[in-house]
Structure formats: structure tokens, C-alpha cells
Amino acid sequence: MNIEIVEKADHLKLIEIWEASVRATHDFLAEDDLQELKPLILEQYFDAVDLRCAKNGNGEIQGFCGVHDGNIEMLFISPDARGKGIGAMLAANAIKVQGASKVDVNEQNGQALGFYQYIGFKVTGRSPVDGQGKPYPLLHMAL
């Protein structure tokens, strides 16, 4: 598995992975909210972060991570690649190479919360709404 800087040409593949991953892990997210987020991520959020991806030996993207200002803003793994250490590899790269030390996690996403706690993050605060002002509480975490 190699970690590489994402090219603009990869954004369509990343949004496919994002949607599949969200559908597999964010069962609390309303369909309308998912559809509202999708173009924002593709057209704005990908360009606002230092974006890296994990590619397998065939050059296929298995997951990606975006960091901005020391915060892991996005970390998504293709559902068929979950549980293989790709998320941990991307998170370690985010910490060591991209300077990440913080992350916000949806409170309802127990899998993500457990993952970040396992790799050393601790809850430091909570917001009752997400970044779009939607009623999806966020847990603020830091190393």
C-alpha cells in the first residue's frame, strides 16, 4: 500500500469512496444531508485540504485522508478495504507527515470514535451541531 498526494483527476473516485463509506458507517445521516454534502465535498472541500490517498499494488485508491490546519478533516476507506489497516496507515501519515493532532468525529459514529481513541486521540470537547449547523453532534478530539 502506498500513500500518495491526490491529483485532481482522482476526485471523482474519491467522492465514490466517500459516498460508499458514509453509507456503510453513517447510518444516522439523512439522505437529503448526504446529497447536500456530496457536491460541497467534490467542488470545495477536497481543494481546501492537504489530500492524500492510499493505493494498492494495482494503483487503485482504497481510501483517503484530508488535513487542514492540524485537523484531520476527512478520512474515508472503501467499504471493501475496511479492517485492513488502511485507515491507521493514513492516520499515521496525517500525524507524522501532515502535522495533524486534532479531529472532529460525529458522536453517532461509534466506529470512528473507537478508531481514533485506539490510535491515541482523546475527547476534548463537544459541539451540538456539525460544521453545516445540522443536528449531528461532534466530538472534538486531540492527541
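Residues numbered from 1 in each chain as written. Predicted model: local features only at pLDDT ≥ 70, side-chain atom pairs only at ≥ 80, totals over all residues. Heavy atoms only, no water.

Going by an unreviewed UniProt entry, the chain carries the name GCN5 family acetyltransferase and comes from Arsukibacterium ikkense.

Asker: Now, about helix H3 (residues 86-96): what can you tell me, with residues and values included?
Answerer: The set of residues buried in H3 consists of Ile86, Gly87, Leu90, Ala91, Asn93 and Ala94. Viewed end-on, H3 has its buried residues packed into an arc of 160°, placing them on one side of the element. Buried residues in H3 make contact with strand S1 (2-5), strand S2 (50-55), strand S3 (61-68), strand S4 (71-77) and helix H4 (110-118). (Buried < 20%, exposed > 50% of the residue type's maximum accessible area, 1.4 Å probe, protein only. Helix = DSSP H or I, 4+ residues; strand = E, 2+ residues; numbered from the N terminus. Arc of directions from axis to C-beta. Contact = heavy atoms within 4.5 Å.)

Asker: If you had to explain the packing of aromatic side chains to someone new, which residues and values would you point to?
Answerer: To describe a pair of aromatic rings, one takes the distance between the centres and the angle between the planes. Throughout the structure, instances matching the rule amount to six aromatic pairs. Residues Trp18 and Phe76 carry aromatic rings whose centres are separated by 6.5 Å and whose planes lie at 75° to one another, so their mutual orientation is edge-to-face. Taken together, the positions of Trp18 in helix H1 (residues 11-25) and Phe76 in strand S4 put the pair 58 residues apart, joining distant regions of the chain. The exposure classification of Trp18 matches that of Phe76, with both residues buried. With centroids separated by 5.1 Å and ring planes inclined at 75°, the aromatic side chains of Phe115 and Tyr116 adopt a geometry described as edge-to-face. These aromatic residues form a ring-pair network of at least three members: Trp18, Phe46, Phe64 and Phe76. (Phe/Tyr/Trp six-rings, centres within 6.5 Å; stacked < 30°, edge-to-face > 60°.)

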